[in-house]
Amino acid sequence: MASGALLTGAGVFSSTRVLAGSAGPITRYPLYVPPTVDVGSLPTAYLLTAKASTVDLGGGKLSKAWVYNNFIPGPTFRAGQGDIAKINLKNQLAQPTITHWHGMVVDYQNDGHPAYAIQPGGQYAYSFPINQRAALNWYHPHPDKLTGQQVAMGLAGAFIVNDPEEGALGLPAGPYEVPLVIRDASLNTKGNLQYKPGGDGFFGRIPLVNGTANPYLNVDTALYRFRVLGGANARVFELALDSGDPFTLIRNDGGLLAASTQVATIDLAPGERVDLLVDFRALKVGDRVMLRDLSAGWDLLQFVVIRQVSDPTPIPTTLSTIVPLGTEVRTRDFSFDGMSKINGLVYDMSRIDFQVPFGDVERWRFTTGGNAPHPVHVHGASFQVVSRTGGRGQLFPWESGWKDTVLLQDRETVEVLIRFASYKGEYLIHCHKLEHEDNGMMSNFEVV
Ligand SMILES: [Cu+2]
């Protein structure tokens with residue numbers, strides 16, 4: 001079954017918007033929204049199969065891709081605090097794979113370390129309790145040297161954690177809460193997904209939102225909550241609305257921010273997530289708003305107002321309490337060198353590069369001379385970003401609160417505070433530009 005079989009809404013919508021330099025109107029297709037699986041309340045383990053298949057990227061033509069359970073993105077998992085997620089990964093690819101639950105704080109056996117990669121035909125049984133703040137996390141392959149290809153070919157999905165604090169805010173829900181997995185892709189002459197990275201990483205020629213090319217979403221005159229994931233291999237998106245209206249930013253990688261903030265543009269690097277409220281209540285039926293990527297000059301997703309409703313949902317101002325981690329016990333330096341090394345070392349799956357005492361607050365200092373972007377991602381704990389010097393020379397609203405991925409651009413130094421207080425064991429720090437990761441810009445460490 002192709003993804004298109006689950007598409008909802010009317011058929012093809014032909015936009016009258018004509019892009020500069022294009023031959024004619026762009027044909028737009030309904031945004032695909034993956035099915036949601038309440039993985040915390042299943043009686044038995046959920047079977048997640050990675051395999052080659054065909055998907056409808058919009059318009060009905062089938063493209064060859066690699067998928068989790070027939071979808072791009074895969075099913076959206078949802079769980080609440082106290083739940084236990086039980087998921088069996090089945091590998092029907094022709095190469096090893098393993099799944100990492102990006103942003104989920106789990107023990108090392110459940111973290112998708114490349115040493116646990118399973119061969120074709122194999123299975124891996126995950127079982128982990130949900131014990132962290134509400135957030136949009138995600139899952140994607142993490143095998144040694146093969147992550148970039150597997151993600152670019154389509155393997156990724158969202159993992160939503162709910163908690164009572166967020167539930168009490170009365171945020172938009174149901175049809176007014178929409179996950180948006182934004183990535184780029186390249187198609188070959190037959191229209192199949194292909195992975196051909198250049199020397200500086202994989203940069204696809206078209207954007208996909210939830211696996212849909214040229215998508216539109218019919219909306220009401222209501223307040224919407226978009227849970228946005230940067231799912232590209234290497235590309236940093238600069239999100240904005242063509243109306244000029246700001247987003248109301250409420251959350252990032254690690255959960256709710258202390259307070260909502262209005263932002264006109266957002267840089268979204270591979271692995272980063274933001275939760276955005278967009279208010280369509282002042283619009284009229286027939287109005288259109290485009291979500292754009294100003295960096296590439298791409299139209300990402302067109303919102304089409306089709307129904308007048310009365311929506312009294314308030315926009316919350318105070319959201320959560322962010323307790324500062326406090327003073328560090330020690331400082332560690334990480335230099336992201338070239339396109340394949342951390343502190344001069346290429347990744348070795350069997351080498352543990354350092355040990356971190358359980359429960360200690362540490363200051364980690366990330367530096368690079370070039371070859372950015374380096375979205376630095378840490379497994380096993382979230383961190384608080386405390387400073388950026390050089391390069392852009394400032395922190396941005398979406399970098400407050402808790403993060404697990406922070407963008408390091410050329411000549412920047414970014415400092416974070418981190419504490420591993422959930423599990424001991426072996427975890428990873430790596431560049432989330434996936435071609436850098438696959439080249440070896442990754443390091444094993446052990447929480448002891
Ligand atoms: Cu990098």
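## Overview of the overall build of the chain
Move 1: When helices and strands are counted, the chain shows three helices and 33 strands.
Move 2: For the chain, the C-alpha radius of gyration of 21 Å lies close to 22 Å, the compact-globule estimate for 448 residues.
Move 3: Dimensions of the chain, computed from C-alpha atoms along their principal axes, come out at roughly 60 × 50 × 50 Å.
Move 4: A burial count over the chain gives 58% of its 448 residues as buried.
Move 5: Across the chain, the fraction of contacts at a sequence separation of at least 24, relative to all contacts at a separation of at least 6, is 76%.
Move 6: In the structure as shown, the chain presents an accessible area of about 16,200 Å², 52% of it carried by carbon and sulfur atoms.
Move 7: Looking at charge distribution, the chain has the averaged site of its 37 positive side-chain charges lying 5 Å from that of its 42 negative ones.

## Re the nonpolar core
Across soluble globular proteins, you tend to see nonpolar side chains buried next to one another.
Move 1: Core analysis: the biggest nonpolar cluster contains 42 residues, and Leu 180, Phe 226, Leu 239, Leu 291 and Phe 303 have the highest contact counts within it.
Move 2: Looking at this core, the element that brings in the most residues is strand 23 (residues 298-307), giving five residues.
Move 3: In contact with Leu 180, not counting residues within four places along its chain, are Leu 31, Val 209, Asn 210, Phe 226, Arg 227, Val 228, Leu 229, Leu 291 and Leu 301.

## Focus on the packing of aromatic side chains
Move 1: Counted by the stated rule, this structure contains 29 aromatic pairs.
Move 2: Relative to Tyr 139, the ring of Tyr 68 has its centre 5.1 Å away and its plane inclined at 55°; by these criteria the two rings are tilted. Of this pair, Tyr 68 sits in strand 5 (residues 62-68) while Tyr 139 is found in strand 10 (residues 135-141), placing the two residues 71 residues apart along the sequence.
Move 3: Plain terms: the ring middles of Trp 101 and Tyr 139 are 5.6 Å apart, the flat faces sit at 40° to each other, and that makes the pair tilted. Of this pair, Trp 101 sits in strand 8 (residues 99-102) while Tyr 139 sits in strand 10; the two residues are 38 residues apart in sequence, bridging distant segments of the chain. No difference in accessibility class separates Trp 101 from Tyr 139, as the two residues are buried.
Move 4: Feature note: the residues Tyr 46, Tyr 68, Phe 77, Trp 101, Tyr 116, Tyr 124, Tyr 126, Phe 128, Tyr 139 and Phe 159 constitute an aromatic cluster, connected by ring pairs.

## Re the coordination of the copper ion
Move 1: The coordination sphere of the copper ion contains the protein donors His 374 (ND1), Cys 431 (SG) and His 436 (ND1), at a distance range of 2.0 to 2.1 Å.
Move 2: Going along the chain, you hit the donors of the copper ion in the pattern H-x56-C-x4-H. With His 374 in strand 28 (residues 374-378) and Cys 431 in strand 32 (residues 425-431), the pair connects residues that are 57 residues apart, well separated along the chain. The same class applies to His 374 and to Cys 431, which are both buried.

## Considering the environment of Gly 199
Move 1: Tracing the sequence through the fold places Gly 199 in the loop between strand 13 (193-194) and strand 14 (206-209).
Move 2: Sequence separation of Gly 199 and Ala 50 is 149 residues, and the distance between their C-alpha atoms is 28 Å.

## Some points on the sheet that holds strand 4 (residues 46-56)
Within a sheet, each strand pairs with its neighbour through backbone hydrogen bonds, oriented either parallel or antiparallel.
Move 1: The mixed open sheet is built from four strands, whose spatial order is 5-4-7-9. The open sheet has two free edges, formed respectively by strand 5 and strand 9 (123-129), since each of these has just one partner strand. Looking at each pair of strands side by side, their axes are set apart by 25° on average, direction ignored.
Move 2: Note: strand 4 against strand 7 (residues 84-92), six bridges, orientation parallel. The residue of strand 7 that forms the bridge with Lys 51 is Gln 92.

## Describing the pairing of strand 18 (residues 247-252)
Move 1: Burial analysis of strand 18 places six of its six residues in the buried class, which makes it a mostly covered element.
Move 2: Linking strand 18 back to strand 19 (residues 255-263) in an antiparallel pair, the connection comprises two residues.

## A word on the pattern of salt bridges
Move 1: This model, assessed by the stated rule, comprises 28 salt bridges.
Move 2: Salt-bridge contacts for Lys 284 lead to Asp 287; the nearest nitrogen and oxygen are separated by 3.9 Å.
Move 3: Judged by relative accessible area, Lys 284 falls into the exposed class, the value being 53%.
Move 4: One network of salt bridges, with partners in common, ties together Arg 78, Glu 166, Glu 177, Arg 225, Arg 227, Arg 251 and Asp 275.

Criteria and cut-off values
Residues numbered from 1 in each chain as written. Predicted model: local features only at pLDDT ≥ 70, side-chain atom pairs only at ≥ 80, totals over all residues. Heavy atoms only, no water. Helix = DSSP H or I, 4+ residues; strand = E, 2+ residues; numbered from the N terminus. Rg over C-alpha atoms; globule rule 2.2 N^0.38 Å. Buried < 20%, exposed > 50% of the residue type's maximum accessible area, 1.4 Å probe, protein only. Contact = heavy atoms within 4.5 Å. Areas by Shrake-Rupley, 256 points an atom, 1.4 Å probe, with all protein chains shown as cover. Lys, Arg positive; Asp, Glu negative; His and termini not counted. Charge placed at Lys NZ, Arg CZ, Asp CG, Glu CD. Core = buried A, V, L, I, M, F, W, Y, C linked by side-chain atoms within 4.5 Å. Phe/Tyr/Trp six-rings, centres within 6.5 Å; stacked < 30°, edge-to-face > 60°. Donors = N, O, S within 2.8 Å, 3.2 Å for Na, K, Ca; no water. Pairing = 2+ DSSP bridges. Axes fitted to C-alpha atoms, helices over the stretch in contact; angles between N-to-C directions. Salt bridge = Lys/Arg side-chain N within 4 Å of Asp/Glu carboxyl O.

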